[in-house]
Amino acid sequence: MKAIHRFTVRTVLPESIAALSRLAKNLRWTWHQPTEDLFAELNPHAWDAVHGDPVKLLGSLTREEIQQIAADPELVARIRDLDADLDTYLTEPQWYQRTQGEDAPAAVAYFSAEYGITSALPQYSGGLGILAGDHLKTASDMGVPVVGVGLLYQAGYFKQSLSRDGWQQETYPVLDPDELPLTLLREADGTPARVVLPLPEGRTLSAQIWRADVGRVPLLLLDSNISENDDAARNVTDRLYGGGSDHRLYQELLLGMGGIRALRAHSRITGAPTPEVYHCNEGHAGFLGVERIQELMNPGADAQAMMWEEALTAVRAATVFTTHTPVPAGIDRFERDQIAHVLAAGLAPDVPSERVLELGAETMPGGDPSKFNMAVMGLRLAQRANGVAELHGAVSRSMFHGLWEGFDTEEVPITSVTNGVHVPSWIDPAVWRMAVDPEENDTNPAARWRRIYNVSDAELWATRRALRERLVHDVRERLRASWKRRGAADAELGWTKSVLDPDVLTIGFARRVPTYKRLTLMLRNPERLKRILLDPRRPVQLVVAGKSHPADEMGKRMIQDLVRFTDDPQVRHRIVFLPNYDIAMARVLFPGCDVWLNNPLRPLEACGTSGMKAAINGGLNLSVLDGWWDEMYDGQNGWAIPTADNKAGTDERDDIEAAALYELIESHVAPRFYGDGSEDATTAAGPDTAPSRASTVPHQWLAMVRHTLATLGPKVSARRMLTDYVNELYVPACVAGRRVTTDDGALARGTAHWVERVRTAWPQLRIEHVDAHGVRQEPQIGDELTVNAYVDLGELTPEDVTVQVSYGRVSETDHIHERSYATLEDVTELGGGRMTFSGPITIDRSGPFGYTVRVLPRHDELASPAELALVRNAGD
């Protein structure tokens, strides 16, 4: 019988244990083991039934169980102590308070379309969301005053299962916010706070604001499923990455523009500081800049309104944009007319719509003038931008180079901050105790990880085996449940009890399944893979998981091909595919795998943090040199899969790289794991005992594990990532933002007027002639020559520009590489706006040598010489 009405009955806790509700609502429990252990021990059976969700656990307790907890003095004391510990955690000074000065922002707003914090709050699809969740958790641990902004999706991302023939199936269970670790933001009179956006045809999009507490970091999630909205508007926040183009556009308008309004409501209601820096994590939230421009163009009675260029200057100064996308196809693009249509509804009534459309215009060579590009808008609205790994930064500079024509690719103003992972969330407690010294100061992260060198090989090997064994048991349970959902009867599933072996080399592969990640590269030669899996001396087992986007038929086909291989009775005890990959599965999978496999098409992996999570648990990476692995592989922390020449066709490339993968496993990975060679292994029973897989201790393998933990631990930690963001992006953005907005925005106004004057005058600027003297007939290293550039500045002044000479070794086509730059400081006025700029350079290398001259805009408020995308090169 189906209920016609549904509501949630709140659990009322006695005063002595009322703190349980607070401990459940603050998501610090997701990485604070003592708090998680407390909830697990309150009712172990119920804890398993609610899949480790404290809010649902408390809601499932009976009156009698609650009274028993309240009557247990030891349990009451434990709850009180954990509540006091949470208080201390939320209030005591952390890294940020101890190290940052007055230039640091009072608050940083962090916008993301998804957040992967816990499986109890399923608002994520993959790496972008997990990274955002780790960003918030680490900010909390370090005391960085971040406030997160996102959307609350009624069904989150989909749950994945398999049909009998291995085809991915999606279901969308609807979430009840009252059963999630969330609190509704309310006005002083108790009514829910609202943000409202006007839509075309006189419609409106309203949203209420839920708050999740991620330690000391508030996360604001906008929810359009409210009665004030029509059915279409209620469904704007129905699913993550669902729906058509209009649906996605409304989601992104709500996230960006509605998110700014939610921040203002939160600060007004709670007294929280107004953010001084705005971090846009991918282009989905790009409209936040438009809303901030609207605020400055219509600030109310207390401030002077800014014009468009002035407001844009102020907004850009305090905005950081992070791109995660290494391919143009991964960027959200809308029809230009579509954007114009929604802007006409009055979303930003004081902002000229044509100027907003210019922000997303694809003006680079090959761009489509009919499209509005969210990443392009993100770059134009942010004075500081970054990729998420060193290689990805280079790829991004190349991908967006067309927006900065006239500059070399490496000068494109996109830097990089390599992603990291929140160690307490992803490291197994057993590895934490072995590898991380809590007594070491967190300002010396390398020292914290050296503890692993004090652990014996026998202890380290035993711990790794225990983690592998736990994974084996978890896989067997999940695999059996998956087959039951596929329609198998219990009588058919006896074989699942012997799937995998805790003494066999275990390789993991789990991630989203777009085609470039090549889930099925391992199947390129099925017979060879079977030989590897079934090798009698050195067997290998594979645990694979991942979801394909519901609209990605090719990705689903890859999953089906893999599942059909894993269904083969000959190998199904050695390779498994687990559906519905999520955080809960990952927390067992990463520690339990000996090797983490990653074989994307280089350089299409932006970062790939899954391998980082394996590394902090002692897993060795077996990966294509892409993303983070390209910069952190050192030859002793895993293996690099060679990549085929770029000229190879698709099939040839996959054949070559698959063959290299098989060769590495057969000839390097497996032999080292099984300790082949007397110098590489001993047995637990003693040196005279014949070795077996269960007893062999492979010393060289464990040396690699130890080296991985000690060297990669501090590098892949999100603490390193947040430190980089604060020092390299947040503080400079805060300083710039404060400067341009003081004195009622006087500097923003002045800078905007200067930019407008320079842009207007730039087309008339000419480099008329360049010459040099001081070079002898046979130049030698150390010779100095004086370069003279004759420049017609037109309406500009020498103070408006920098004139540089670029010099270095030249190629056969006269392209200068290994460049150096020198500014021509001496200025001589020739009259009529014509100037001579002169200065010396020193010949510092042998071989073909050349130089050229260019003119760039110069202003103290420019974060990069290329910022305005203006340059005049000699010969233009």
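Residues numbered from 1 in each chain as written. Predicted model: local features only at pLDDT ≥ 70, side-chain atom pairs only at ≥ 80, totals over all residues. Heavy atoms only, no water.

Enquirer: Explain the packing of helix α11 (residues 288-297) against helix α12 (residues 308-317) to me, please; I cannot follow it from the model alone.
Expert: When two helices pack together, you describe them by how their axes are tilted relative to each other and by the distance separating the axes. Interhelical geometry of α11 versus α12 gives an angle of 125° and a closest axis separation of 9 Å. One finds that α11 runs oblique with respect to α12. In this structure, α11 meets α12 at a crossing whose hand is right-handed. Where α11 abuts α12, its residues G289, R292, I293, L296 and M297 lie against W308, A311, L312, A314 and V315. In terms of residue class, the contact of α11 with α12 is built from eight nonpolar, one polar and one charged. (Axes fitted to C-alpha atoms, helices over the stretch in contact; angles between N-to-C directions. Helix = DSSP H or I, 4+ residues; strand = E, 2+ residues; numbered from the N terminus. Parallel < 35°, antiparallel > 145°, perpendicular 65-115°, else oblique. Left-handed = near helix turned anticlockwise from the far one by under 90°. Contact = heavy atoms within 4.5 Å. Nonpolar A, V, L, I, M, F, W, Y, C, P; charged D, E, K, R; others polar.)

Enquirer: What should I look at first to understand the environment of V624 in this one?
Expert: Looking at the secondary structure, you find V624 in strand β19 (residues 620-624). Judged by its relative accessible area of 1%, V624 is buried. Measuring from C-alpha to C-alpha, the distance between V624 and N599 comes to 5.2 Å, with 25 residues separating the pair along the chain. The residues contacting V624, other than those within four sequence positions of it, are R518, N598, N599, P600, R602, W629, I641, T643 and E657. (Buried < 20%, exposed > 50% of the residue type's maximum accessible area, 1.4 Å probe, protein only.)

Enquirer: When you look at the sheet that holds strand β20 (residues 638-641) in this model, what are you seeing that I'm missing?
Expert: Either a parallel or an antiparallel arrangement is found when strands of a sheet pair, and the pairing is made through backbone hydrogen bonds. Across the sheet, which stays open at both edges, the six strands sit in the order β17-β16-β15-β18-β19-β20 with parallel pairing between neighbours. Of all the strands in the sheet, just β17 (575-578) and β20 have a single pairing partner and so form its edges. Along the sheet, successive strands turn relative to each other by an average axial angle of 20°, direction set aside. Sheet topology note: the strand β18 (residues 595-598)/β19 ladder contains four bridges and is parallel. Across the sheet, residue W596 finds its bridge partner in β19, namely N621. (Pairing = 2+ DSSP bridges.)

Enquirer: Sorry, what's going on with the pairing of strand β26 (residues 816-823) here?
Expert: On any regular strand, side chains alternate: one points to one face of the sheet, the next to the other face. Taken together, the six bridges between strand β25 (residues 801-810) and β26 define a ladder with antiparallel strand orientation. In the sheet register, Y807 faces β26, and the bridge partner there is S820. Turn length for the β25-β26 hairpin, with the two strands adjacent in sequence and antiparallel, is five residues, and the turn residue D814 shows positive phi of about 70°.

Enquirer: What is the right way to read the layout of surface pockets from this model?
Expert: If a probe the size of a water molecule is rolled over the atoms, the empty space left behind becomes visible. Here the second largest pocket is characterised by a volume of approximately 1100 Å³. Along the wall of the second largest pocket there are 39 residues; nearest its centre are R316, R380, R759, E867 and L868. The element that contributes the greatest number of residues to the lining of the second largest pocket is helix α28 (residues 718-761), accounting for seven residues. Per-class residue counts for the lining of the second largest pocket are 21 nonpolar, seven polar and eleven charged. (1 Å grid on protein atoms, 1.4 Å probe; cavity = no way out; pocket = protein on both sides within 12 Å on 5 of 7 lines; lining within 4 Å. Points joined across faces, edges and corners; volume = space filled by probe spheres on them.)

Enquirer: When you look at the packing of aromatic side chains in this model, what are you seeing that I'm missing?
Expert: Two aromatic rings, taken as a pair, are described by how far apart their centres are and by the angle between their planes. A full pass over the atoms with the stated rule returns 16 aromatic pairs. Geometrically, the ring pair formed by F287 and F372 is stacked, given 6.1 Å between the ring centres and 0° between the ring planes. You can see F287 sitting in the loop between β9 (277-281) and α11 and its partner F372 sitting in strand β12 (residues 371-373), a full 85 residues away along the chain. The lysine or arginine in question, R239, covers the ring of Y172, its NZ or CZ lying 3.5 Å from the ring centre. When the ring centre of W461 is taken as reference, the NZ or CZ atom of R468 above it lies at 5.4 Å. (Phe/Tyr/Trp six-rings, centres within 6.5 Å; stacked < 30°, edge-to-face > 60°. Lys NZ or Arg CZ within 6 Å of the ring centre and 35° of its normal.)

Enquirer: What exactly am I supposed to notice about the sheet that holds strand β23 (residues 766-773) here?
Expert: Spatial strand order, β23-β24-β28-β27: four strands in an open sheet with antiparallel pairing. Each of the sheet's edge strands pairs with one partner strand only, and the pair in question is β23 and β27 (826-831). When strand polarity is set aside, the average angle formed by the axes of neighbouring strands in this sheet is 20°. The pairing of strand β24 (residues 784-792) with strand β28 (residues 834-842) spans nine bridges and is antiparallel. Bridge assignment links D792 to a residue of β28, and that residue is R834.

Enquirer: Just to check I follow, could you spell out the pattern of salt bridges for this structure?
Expert: Side chains carrying opposite charge are able to pair once their charged atoms draw close together. Counted according to the given criterion, the structure contains 51 salt bridges. Measuring nitrogen to oxygen at the nearest pair gives 2.7 Å for the salt bridge that ties R211 to D213. When its relative accessible area of 25% is taken as the criterion, R211 is described as partly exposed. As a salt-bridge pair, R739 and E861 come within 3.0 Å of each other at their nearest N and O atoms. Here E861 lies in the loop between β29 (849-857) and β30 (872-873) and R739 lies in helix α28, a separation of 122 residues in the sequence. Three or more residues joined by partner-sharing salt bridges are found here, namely R518, R653, D654 and E657. (Salt bridge = Lys/Arg side-chain N within 4 Å of Asp/Glu carboxyl O.)

Enquirer: I would appreciate a short explanation of the nonpolar core in the present structure.
Expert: Side chains of nonpolar character tend, in soluble globular proteins, to be buried together. In this structure, L505, M522, L622 and W701 are the most contacted members of the largest nonpolar core, which totals 101 residues. Ranked by the residues each element gives to this core, the list is headed by helix α26 (residues 650-673), at nine residues. Grouped together as the second largest cluster of nonpolar side chains are 83 residues, L263, V290, M364 and A375 included. (Core = buried A, V, L, I, M, F, W, Y, C linked by side-chain atoms within 4.5 Å.)

Enquirer: Explain the side chain of T30 here, please?
Expert: Inspection of the secondary structure assignment puts T30 in the loop between α1 (19-25) and α2 (33-42). Classification of T30 as buried rests on a relative accessible area of 4%. Among the polar contacts listed, one links the side chain of T30 to the backbone oxygen of L27, at a separation of 2.7 Å. With residues near it in sequence (within four places) discarded, T30 still touches I117, T118, K137 and R587. (Polar contact = N/O pair within 3.5 Å; in protein donor to acceptor, adjacent residues only side chain to side chain.)

Enquirer: Would you explain helix α20 (residues 457-485) in this entry?
Expert: Note: α-helices contain 3.6 residues per turn, so residues at a spacing of three or four share the same orientation. Given a rise of 1.5 Å per residue, 29 residues ought to cover 42 Å, and the 42 Å separating the end C-alpha atoms of α20 matches this to within 8%. Trailing α20 by a residue or two, G487 shows a phi angle of about 105°, which is positive. (Expected span 1.5 Å × (residues − 1).)

Enquirer: Please clarify how the confidence of the model for the protein should be interpreted in this entry.
Expert: The predicted structure's coordinates, where accompanied by low pLDDT, should not be read in detail. Residue-level pLDDT values for the protein average 92, and 96% of them are 70 or greater. Confidence drops under pLDDT 50 across residues 684-691; counting only partners more than four residues distant or on other chains, this segment forms five contacts. (pLDDT = per-residue confidence, 0-100.)

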